[in-house]
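Chains, contacts and geometry: an overview
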Amino acid sequence: MDKLRRKNPFLSLLIILVFALSLFTPAWAQQAIEYTTVADYSKMIKNTEILQLPQNPVSKKGLLFLAALGFLNSTNKENIKPSDILTKEEALSIILNSAGKQQDAFLRAEKLESKRVSGTKLVVPYNYLYLGYIQLAYDLKVISKKEYQDAMSQVRPSQKDHEKMTDDLIKKNNEIVSRAIYEGRPYSYDDLIFVRSAPATRQEVARWVVLTFKIPQSYENLAKTYPDYDKIDSKFLSSINTLLKNGSLIGRTDGYLHPDDYITYEELSFILYNLKDYIVKANNLKEMSAELKNIQRYSDKTVYNFEDDNGNDIEITTIPGKQDFVVLTDSGAGLSSSLQQGDYIDLYVNDKGQVVLGEVLSKAGTVTLKGVITKIDVKKNTIQIKMPDGKAYDLLVNPKAIIYDTRASKAINLSDLSVGNIAVVVAKKNRADNIEVLSYQDQDISRVEGVISQISNDRIVINSNGKLMSFLLSPDTAYIDKGDFTRGLTKNDFYQGMKVLVGEYGGFAQYISTTYDERAEDIVGGILYEIDTNLSYIEIYNQDGVRKSYRFSKKMGLKVIKDGKTTSPDSLSKGDIVYLYFNGDFVRSITASSNLQPKIAKIENIQRNPITKMPEKIYLNINGKVYGPYELSSDVEVVKSNSKGSLKDLVQGQYVKVTGSFFGASANIKKIEISTNDYVKNIYIAKATTIGNILYLSDISILRNNQFERLYDYKTFKIPSDALFIVDGIKQKSTPILQNFSVVVITKDRFSQETVATVFALSKGWFSQLQGEVTNVKSGTITLSGEQLNFNQNSYIVENGLLSNTAPKVGDEIIAVSDGKNLVVAKYKEAVSKPIIVRGEVSEISELEYIKLKNFVYLDKQNGWQFVSTPLVLSYDTQTVYCDVYGINNPKDILGLINKSVYVIHDGKYAKSIIDASFGGYIVIGTIGKNGQVLNPQYHDMVTKTWNKINTSLVLDPANAILINSSGDITSQPPQYGDEVILLVPQTSFNISKGVVEPSIVIINY
């Protein structure tokens, strides 16, 4: 080489020049990895145009990602809404598509179709392609043999056929329907066989996803932290825990998991998008993050020069009109021409070296910040966000910024933000363009358990295993009970000495929750009757309704905190809820709250002065349970018909609104408002005929547990003189003649009798059922589930059991009935928790705190009594809605249940009822006939673990039985014609040959 350079000096100069030029050549001009693009980009863009994009950023990107790659094409939809529910076959097809199995499913569909003889070919994609996916799902062991056989035997039924099959199968499969009831979900044809056209549930999809992608299963039981954990079918539990563990499955905004609810496109896209690594691998794609350094545009092509995270140069060539790649952004899908220098992007490259998709992670000059909002100035449009490392950023909020709250699943305004919110902020320089408020379920929230040492307006200090930890409180800190975000509390419910769980992020308490063992030692609670600082004593009504006195020492001092503020003993008032903390025999500190509560109740009984006849004590029925006697003082304010009344106006059977302090069997009642209305008993949809003063109903559905359920009997009502009829939107002056009209009937509870209140009738057409969130209220209309309905003087809302003509608010969850144009009646959606029935030996029990069972069994309608060897511990309180102890008048008598076997009805956390009755080892099921007999009875044999038919009808003798309704409450109402019953029959009285069944427990419509 040296010889060559000496012989040719010009060549040496050229080499030096080339080397020098290379020093000044940009990195993108040097040797780079080269990729081309694809020709089907326009088809990918078209795929995304069928989407209505949700506001949730993760779900939005997920839907765009799945659609662009063609994974949604198998659903053959012209328009997809995020809230649309997927059928089982649609969900399976999308999951299998995402796993790169489209071609495998297509080939199986072709093979199945080719085997059909002429004239029986399916042709229609619904029955044609989906069977290929069903076959593939079975081959991959994603669905069982039984599910596969069910699905392959079906063609798409019409709605009428579907309803007929439902009715037939329900009649033949009583125990399977009862299983659906036991699990607290609607029952139909879909519960009896695997119907591929039926809606897919969230727990089904979790299982299919885990099995399809072969995700390593997690056995850490994270699902147990959700209030509706008991609704998870055991075969889906490990799959749900697996997706919870990797963050691809989260609860809904109400804090519940809803495992047996139907899944939506938005929810499925969220799950799959969080499993993007699995999808990329399954489809032979390569994912790389890179920054766009330069764009070179030529007449026939465009060259994009990127640099990846490892410093490698990447060159991508597009040919306008022929080859390009789709780019996903926060606003939707576009082409590469939307990119600009400085954009940071995820690139997806197939095994042919073609870029098929790009996903913008941040636009040029933008940064993504995750931290806690520490300052907000609405007037100046500014916020400050503090990062976990302590660094703070002051940002100007873009007037057009999208602010999205994942907890409420909706866009909000800057004024709706709170200091302390966890947020992800996308900012450019010092301007915030996007703000996303994160859920309380965020994985970065730390959970700290301890005892409250101090709680003030802006701070909480807890003692966690001897270490004092301080957290800031914000206007948005959530105060909840037992980890359940639907059970809201206030800060005043938390006091020094209480054991709590704090969810902390960035120094702020995101939420504070009570725990199962929420009180420290040596604490007494009750309602304050009197405090005397001269004589140094305090007198309260305790949980039992007994007045008790306690002493405090002037020398030792007495600390008082009321409504979160340190104050003097003189600020305490009669009726305050108080907790007394002791040091030895003396009260050392008191926490108090004024805590006035309104309660809707029915007067069950009144104790009067034998001479003056003035009411002195009152028994109240609150939510189906009777409390009292509560004392009535002469200064109780009584309101009747919006005017001042007196205690003499109180009558047994009245519905009242009672305002006061309530604590166990004690109450300090301040005000009683007598309702001039009657409680709503039921809402029916039916066919109706009137003959004289009798209303006949058939084809009845009843609103129960947030669903309209079918009743299999006829109902007749005597029409009262004040019943209101509205026919075709016009109020009637007298009872009209109805002949098989479609009707909505609202009945009321008038002194424990069900009476017709209002009848809406249509001479033609029918009523439709809607439920969901009210998204708009404007000019006499409301928008529900995408439909705009008129809300007029004939529209009613059921609130707190009473009828109201006040329109619901935006964000309210309602179940509604409409005539197609007008909202007829709606009821606010209620939280429903299916009761669980167990029986076991009481090993420990406290007067007012907990019960522990050993060697217990739980009632499984499908499999009979199921034995559990581990103990069961449940919280309870005999004086609240949580517990009703059958046959016990004094809480102290509860201690006599130790070592006895009892029934306990609970919701997974709290005992609702404790029943001392003989063990019904034999389980008999059936339907009540017109004459009170049990039709189509079957009994479960505990030895053989089988169900056995009883060939004769049994006569039910409930004389010595305890009756339990579908809510798990003890009732006096015997089962009616058409009711499904579970009879728990002791061995000593089980004799089929007698033709009479004498159960110890009767469970109605459970």
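In what follows, the structure referred to is the one given above.
Anyway, here's the lowdown on the structure attached to this text. (Residues numbered from 1 in each chain as written. Predicted model: local features only at pLDDT ≥ 70, side-chain atom pairs only at ≥ 80, totals over all residues. Heavy atoms only, no water.)

This paragraph deals with the overall build of the protein. Counting its regular elements, the protein contains 15 helices and 66 strands. Counting contacts in the protein only where the partners sit at least 6 residues apart, residues at least 24 apart contribute 60% of the total. Counting only carbon and sulfur atoms, one obtains 49% of the accessible surface of the protein, whose full area is about 48700 Å². (Helix = DSSP H or I, 4+ residues; strand = E, 2+ residues; numbered from the N terminus. Contact = heavy atoms within 4.5 Å. Areas by Shrake-Rupley, 256 points an atom, 1.4 Å probe, with all protein chains shown as cover.)

On to the environment of Ser768. Positionally, Ser768 belongs in strand β44 (residues 768–778). Classification of Ser768 as partly exposed rests on a relative accessible area of 27%. Separated by 51 residues in sequence, Ser768 and Asp819 have C-alpha atoms that sit 6.3 Å apart. Filtering out sequence-adjacent residues up to four positions away, Ser768 remains in contact with Ala816, Val817 and Ser818. (Buried < 20%, exposed > 50% of the residue type's maximum accessible area, 1.4 Å probe, protein only.)

What follows deals with the packing of aromatic side chains. As enumerated under the stated definition, the model contains 15 aromatic pairs in all. Between the aromatic rings of Phe65 and Tyr273, the centroid separation amounts to 5.9 Å while the plane-to-plane angle is 75 degrees, which identifies the pairing as edge-to-face. Here Tyr273 lies in helix α14 (residues 265–273) and Phe65 lies in helix α4 (residues 57–68), a separation of 208 residues in the sequence. An aromatic cluster of three or more residues is present, and its members are Phe65, Tyr273 and Tyr348. Positioned over the ring face of Tyr298 is Lys301, at 5.6 Å from the centre of the ring. Over the face of the ring belonging to Tyr903 we find Arg839, whose NZ or CZ atom lies 4.7 Å from the ring centre. (Phe/Tyr/Trp six-rings, centres within 6.5 Å; stacked < 30°, edge-to-face > 60°. Lys NZ or Arg CZ within 6 Å of the ring centre and 35° of its normal.)

With the rule as written, the count across this model stands at 24 salt bridges. The shortest N-O distance in the salt bridge between Lys852 and Glu844 comes to 3.7 Å. Overall, Lys852 belongs to the partly exposed group, its relative accessible area being 24%. Across the salt bridge formed by Asp969 and Lys912, the nearest N and O atoms sit 3.9 Å from each other. Of this pair, Asp969 sits in the loop between β62 (962–964) and β63 (970–971) while Lys912 sits in strand β57 (residues 911–915), and the two are 57 residues apart along the sequence. Of the residues examined, Lys912 reaches a relative accessible area of 16% and is grouped as buried. Among the charged side chains, a salt-bridge network with shared partners connects Arg202, Arg252, Asp261 and Glu267. (Salt bridge = Lys/Arg side-chain N within 4 Å of Asp/Glu carboxyl O.)

Treat this as a map of the structure, not an account of what it does.
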